[in-house]
Amino acid sequence: AIESVKNLTIVSPSKWLAQEAKQSSVFKTREVLCIPYGIDSTVFKPIDKDFSRDVLGIPKDKKVVLFVADSISNDRKGYSYLKNALSMMQRKDVVLCAIGSKKGAIEANEQILELGAIADDRLMNIAYSAADVFVIPSLMDNLPNTVIESLMSGTPVIGFPIGGIPDMIEHGVNGLLAEDISSTALLKSIEEFLNTSDTFNRFEIGTSAKKRYDLPIQAKAYI
């Protein structure tokens, strides 16, 4: 279908997918560029954590791990890895804050706070700002918007070293990359973060993300 098209450029949001395209039989002879997604920085930006927790009714004396659970039944989203990691955790001062449709897939208990589905971007910005860290246990992903939204909100991210996630997470600066794809490695990263959370500068994380992912940056790249 595209063989006869002469003036064709391929754009990928992540380095991983760009590399896949370069190796594919369809696109290997074409120019392949990487342009990350753009996010509105007037919506996603750092907000005071205490204020954000007041809005959502989240305890201020807990460490909050955020998980966006819309596709929890999708195996590649990796919720089972996060569930297993938290079940192995000995700490009692940690609460999992889950966002997404309540379909009974997450068992409610004193360590899990369900916020339900959130459709409003500004409320999502508050949810990211209320969390200490956002965990994305995806087993396969391109350049997840949730990671960009979290970083632009100033909240560090923990994820597996797959797909486009290493493009976004600078280990030890704006989050942590697990050593491998396992519940044990994820637990190790979460505990490492909780023990060093004061070293992550939320303002700098938000400022750096804005410089990389603000909508005008994406627009200029396409132009």
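Residues numbered from 1 in each chain as written. Predicted model: local features only at pLDDT ≥ 70, side-chain atom pairs only at ≥ 80, totals over all residues. Heavy atoms only, no water.

Student: Explain the packing of aromatic side chains to me, please; I cannot follow it from the model alone.
Tutor: A ring pair, where both rings are aromatic, is described by two values, the distance of the centres and the angle of the planes. Inspection of every chain in the model, using the stated rule, returns five aromatic pairs. Put simply, the rings of Phe44, Tyr128 and Phe134 touch in pairs and so form one group of aromatic residues. (Phe/Tyr/Trp six-rings, centres within 6.5 Å; stacked < 30°, edge-to-face > 60°.)

Student: How should I be thinking about the sheet that holds strand β3 (residues 63–68) in this particular structure?
Tutor: Two modes of strand pairing occur in sheets, parallel and antiparallel, and in both the strands are linked by backbone hydrogen bonds. With parallel pairing, six strands are arranged side by side in an open sheet as β5-β4-β3-β6-β7-β8. Looking at which strands have only one partner, the edges of the open sheet turn out to be β5 (112–116) and β8 (175–177). On average, each strand axis in the sheet is tilted by 20 degrees relative to the strand beside it, whichever way the strands run. Two strands pair when backbone bridges link them, and strand β4 (residues 94–99) and β5 are joined in this way by four bridges, in the parallel orientation. Residue pairing in the sheet places Leu96 in a bridge with Ile112 of β5. Each of β3, β4 and β6 (133–136) touches helix α3 (residues 79–88); the most contacted strand, β4, lies at about 160 degrees to it. (Pairing = 2+ DSSP bridges. Helix = DSSP H or I, 4+ residues; strand = E, 2+ residues; numbered from the N terminus. Axes fitted to C-alpha atoms, helices over the stretch in contact; angles between N-to-C directions. Contact = heavy atoms within 4.5 Å.)

Student: What's the story with the pattern of salt bridges in this structure? I'm lost.
Tutor: Enumeration over the complete set of coordinates arrives at six salt bridges. Here Asp132 ties to Lys49 by a salt bridge, and the two come within 2.7 Å at their closest N and O atoms. One end of the pair, Asp132, is in the loop between α4 (121–130) and β6; the other, Lys49, is in helix α2 (residues 49–56), with 83 residues separating them in the sequence. Residue class for Asp132 comes out buried when judged on its relative accessible area of 7%. Of the charged contacts in the structure, one is a salt bridge between Asp93 and Arg91, with a shortest N-O distance of 2.8 Å. On the accessibility criterion, Asp93 (27% relative accessible area) is partly exposed. Counted as one network, the salt bridges with shared partners bring together Lys49, Arg53 and Asp132. (Salt bridge = Lys/Arg side-chain N within 4 Å of Asp/Glu carboxyl O. Buried < 20%, exposed > 50% of the residue type's maximum accessible area, 1.4 Å probe, protein only.)

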